[in-house]
Amino acid sequence: MPELPEVEITTRRLDAALHGAAVESALATGLNVMKTFEPPLESLEGSAVASVKRIGKMPVVGFSGEVSLLIHLMSAGRLQVFEKPGSPRDRSSRLLVRLDDGRELRLREFGTRQRAWAKLLPSGAVRDDEMVATLGPEAWPAPPLPRLAELINQPRHLHPLLRDQRAIAGIGRSWVDEILWEAKLSPFKRGSELAPSEAEALRRGLHVLGDAIDHYEEVIGETVPDKLPMPLKVHRRAGEDCPRCGATIQAIHFKDYVMCYCPEEQTGGRVLKDRRLSRLLK
Ligand SMILES: [Zn+2]
């Protein structure tokens with residue numbers, strides 16, 4: 001779930017909290033959480049946190065000694081700093097970086113699946129990592145219009161296209177609904193079918209990501225909570241009134257996500273088939 005705005009506020013807060021903190025020890029508690037073995041995680045001992053940044057949806061914790069932890073939170077990971085070390089029995093923990101002031105930077109993952117991962121890399125090699133090198137440009141600040149138009153000029157539906165990190169980085173299942181609603185575009189419109197004015201509307205729609213970061217800056221204190229107060233207008237609001245035109249927000253349920261849209265403004269008044277509903281009615 002954490003997308004560009006959520007990871008951005010997380011890394012900003014962690015950067016402020018951890019800058020200069022010395023590492024006492026580092027330990028991977030999750031199965032297969034570390035995708036690299038050289039340099040070993042133990043080599044972080046005695047180094048200090050130099051920076052916490054973000055690339056796309058991935059936090060990057062830089063340490064003195066020019067090594068960086070590249071982290072992929074997947075759908076249920078959280079990177080947080082705690083005042084005290086956690087219990088060894090905490091089944092959500094995946095990676096622990098103990099600091100010599102008693103605090104702990106902890107990668108946790110909710111749910112039963114262990115999918116979040118980390119790589120410890122020489123800092124200069126982060127850009128060349130396959131997960132980073134294959135990313136499209138950042139979705140916020142929005143790429144210039146000609147660049148965006150070029151990126152989305154693909155015969156794919158906008159909903160999966162905008163979530164494809166190789167096309168554009170940072171957007172996931174929540175913010176894609178908001179961006180398309182802002183732009184008044186159908187999630188099923190193909191990228192290659194956009195008129196120039198629609199591509200422009202899409203680019204303007206990306207400002208919801210920046211607005212969300214501004215919102216988080218205002219409402220989130222030093223510590224980022226497990227559940228962020230996401231300023232969503234249509235995503236997960238099926239059945240509610242569209243805040244712009246008053247039509248009923250509709251949803252289409254997929255296996256592990258929900259797509260929400262305003263039929264009045266995005267699909268020419270058409271309510272698209274909800275596969276889940278049509279299965280139930282068979
Ligand atoms: Zn509407």
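Structure: see above.
Keep in mind the model is a prediction, meaning the values are calculated, not measured. (Residues numbered from 1 in each chain as written. Predicted model: local features only at pLDDT ≥ 70, side-chain atom pairs only at ≥ 80, totals over all residues. Heavy atoms only, no water.)

1. Section: the overall build of the protein chain
Counting its regular elements, the protein chain contains nine helices and 10 strands. Relative to its length of 282 residues, the protein chain is compact, with a C-alpha radius of gyration of 20 Å against a globular reference of 19 Å. Referenced to the eigenvectors of the C-alpha coordinate spread, the extents of the protein chain come out at roughly 60 × 40 × 35 Å. Across the 282 residues that make up the protein chain, the buried fraction comes to 50%. Excluding contacts between residues fewer than 6 apart, the proportion of contacts in the protein chain whose partners are at least 24 apart in sequence is 63%. Working note: accessible area of the protein chain is about 13,900 Å², and carbon and sulfur atoms make up 51% of it. (Helix = DSSP H or I, 4+ residues; strand = E, 2+ residues; numbered from the N terminus. Rg over C-alpha atoms; globule rule 2.2 N^0.38 Å. Buried < 20%, exposed > 50% of the residue type's maximum accessible area, 1.4 Å probe, protein only. Contact = heavy atoms within 4.5 Å. Areas by Shrake-Rupley, 256 points an atom, 1.4 Å probe, with all protein chains shown as cover.)

2. Some thoughts on the coordination of the zinc ion
Around the zinc ion, the donor atoms from the protein are C242 (SG), C245 (SG), C262 (SG) and E265 (OE), and they sit 2.0 to 2.3 Å away. If you look at the zinc ion, its four donor atoms make angles of 99 to 118° with each other, and the shape they trace is tetrahedral. For C262, a relative accessible area of 0% gives the class buried. Using a relative accessible area of 18% as the deciding quantity, one classes E265 as buried. (Donors = N, O, S within 2.8 Å, 3.2 Å for Na, K, Ca; no water. Tetrahedral: all angles 85-135°; square planar, octahedral: opposite > 155°, others 65-115°.)

3. A few points about unusual backbone geometry
Going from E38 to P39, the amide bond is cis rather than trans, its omega being 0°. Put simply, W140 and P141 share a cis peptide bond, and its omega is -10°. The phi dihedral of E66 falls on the positive side, at around 60°, and the residue is not glycine. Its place among the elements puts E66 in the loop between β3 (58-63) and β4 (67-72). On the basis of relative accessibility, which here comes to 58%, the residue E66 falls in the exposed class. Despite not being glycine, M74 has its phi angle at roughly 50°, a positive value. Summarising the element assignment, M74 is placed in the loop between β4 and β5 (77-82). Overall, M74 belongs to the partly exposed group, its relative accessible area being 25%.

4. Some thoughts on the packing of helix α5 (residues 175-183) against helix α7 (residues 207-219)
Between α5 and α7, the least distance of the axes is 9 Å, while the angle of their chain directions is 120°. For the element pair α5 / α7, the angle class is oblique. Across from W175, E178, I179 and E182 in α5, the residues of α7 making contact are H207, V208, L209, A212 and Y216. Each residue belonging to the contact of α5 with α7 can be placed in one class, and the counts come to six nonpolar, one polar and two charged. (Axes fitted to C-alpha atoms, helices over the stretch in contact; angles between N-to-C directions. Parallel < 35°, antiparallel > 145°, perpendicular 65-115°, else oblique. Nonpolar A, V, L, I, M, F, W, Y, C, P; charged D, E, K, R; others polar.)

All we've got here are geometric facts, nothing functional implied.
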